[in-house]
Amino acid sequence: MSRRLGILISGRGSNLQSIVDAIRRGELEAEIAVVISNRTEAAGLMRAREAGLEAVCVLQKDYPSRELYDAAVAQVLQSHHVDLVCLAGFMRLIGEPLLRAFPNRILNIHPSLLPAFPGLEAQRQALEYGVRVSGATVHVVDAGLDAGAIVLQAAVPVMEADTVESLSARILVEEHRLYPRAIALVLDAKWRVVGRRFVLDAAAGV
Ligand code: GRF
């Protein structure tokens, strides 16, 4: 596949920054065609513009329904000839119009070892549950919440003294390593989704 990325954000955009940095370092051969935010105040928009990227806001309030909102986002991505969509702290469920436009071509990063702790405040959920290990997951996006096939995961220990902030910071370090690697894998390898599984095509020598 060709290698034009569309990055969707809602907030600070540190994962967007890690993708920008990996491309600059030559570790990820891709180009960011467009950054889309659903919030005008997202700090990631500033990072995108500082990196010289095209960054646009697509706001729910400008569309009468979720379907039309998702169709508008799909339209922006398609008009920039995006091949792979990367959700990077995009705080919305992805609806049918986007899934249809980019089948198995949308990735997400989540701050837990899925299927544990999907949804909001994954780090708080992990602490409250008392797990000893947590981490980050990059997965293919489907209609479920943090539910699609898992591409890569990274684990971190949970310490006795951890707070939501300290655990989040430890996981974030891994997120920033993991997402560019997962994107490179998805772009470079031959793979399929078989049932729940992301399966590399060994026959293709990857
Ligand atoms: C990250 O923890 C990511 O895993 C989650 O939302 C957060 C986004 O952070 N989906 P940032 O905007 O990339 O800094």
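You'll find the structure just up there.
Residues numbered from 1 in each chain as written. Predicted model: local features only at pLDDT ≥ 70, side-chain atom pairs only at ≥ 80, totals over all residues. Heavy atoms only, no water.

Chemist: Looking at this structure, I do not really get the site of the ligand. What am I missing?
Modeler: Near the ligand, the surroundings consist of Arg 12, Gly 13, Ser 14, Asn 15, Gly 89, Ile 109, His 110, Pro 111 and Glu 175. Note that an oxygen atom of the ligand is positioned 2.5 Å from one of the side-chain N or O atoms of Ser 14. If the ligand stood free it would expose 370 Å²; the protein chains cover 87% of that surface. The residue makeup of the shell around the ligand, split by class, is two nonpolar, five polar and two charged. (Near = heavy atom within 4 Å. Polar contact = N/O pair within 3.5 Å; in protein donor to acceptor, adjacent residues only side chain to side chain. Areas by Shrake-Rupley, 256 points an atom, 1.4 Å probe, with all protein chains shown as cover. Nonpolar A, V, L, I, M, F, W, Y, C, P; charged D, E, K, R; others polar.)

Chemist: Before we go on, may I ask you to explain the packing of aromatic side chains in this structure?
Modeler: Note on aromatic pairs: each is described by the distance of the centres and the angle between the planes. Inspection of every chain in the model, using the stated rule, returns three aromatic pairs. The ring centre of Tyr 69 lies 4.0 Å from the NZ or CZ of Arg 92, which sits over that ring. (Phe/Tyr/Trp six-rings, centres within 6.5 Å; stacked < 30°, edge-to-face > 60°. Lys NZ or Arg CZ within 6 Å of the ring centre and 35° of its normal.)

Chemist: Got a minute to help me understand the pairing of strand β9 (residues 197-200) in this structure?
Modeler: Note on strand geometry: in a regular strand, side chains alternate between the two faces of the sheet. As paired elements, strand β8 (residues 191-194) and β9 share four bridges and run antiparallel to each other. Within the sheet, the bridge partner assigned to Val 193 lies in β9 and is Phe 198. The turn linking β8 back onto β9 is made up of two residues, and Gly 195 within it adopts a positive phi angle of 60°. (Pairing = 2+ DSSP bridges. Helix = DSSP H or I, 4+ residues; strand = E, 2+ residues; numbered from the N terminus.)

Chemist: Can you walk me through the environment of Ala 43 in this structure?
Modeler: Along the polypeptide, Ala 43 turns up in helix α2 (residues 43-50). As a C-alpha pair, Ala 43 and Gly 11 span 32 residues in sequence and 5.8 Å in three-dimensional space. Residues within four places of Ala 43 in sequence aside, it is in contact with Gly 11 and Arg 12. (Contact = heavy atoms within 4.5 Å.)

Chemist: Can you help me understand unusual backbone geometry in this one?
Modeler: Most peptide bonds adopt trans geometry, and most residues besides glycine take a negative phi value. Of the consecutive residues Leu 114 and Pro 115, the connecting peptide bond is found in the cis state with omega at 10°. Position of Pro 115 relative to the elements: it lies in the loop between β5 (106-110) and α5 (122-129). One non-glycine residue, Asn 104, adopts positive backbone phi at about 55°. Examined against the element boundaries, Asn 104 turns out to sit in the loop between α4 (96-101) and β5.

Chemist: Where do I start with the pattern of salt bridges in this structure?
Modeler: Once the charged atoms of two side chains with opposite charge are near each other, the side chains can pair. In the structure shown here, the tally under the stated rule is 10 salt bridges. In this structure, Arg 124 and Glu 121 form a salt bridge, with 2.7 Å as the shortest nitrogen-oxygen distance. Take Glu 121: its relative accessible area is 49%, and that puts it in the partly exposed class. One salt bridge in this structure joins Arg 177 and Glu 174, with 2.7 Å as the shortest N-O distance. Here Arg 177 and its partner Glu 174 are both found in helix α6 (residues 164-188), three residues apart, which amounts to about one turn of the helix. (Salt bridge = Lys/Arg side-chain N within 4 Å of Asp/Glu carboxyl O. Buried < 20%, exposed > 50% of the residue type's maximum accessible area, 1.4 Å probe, protein only.)

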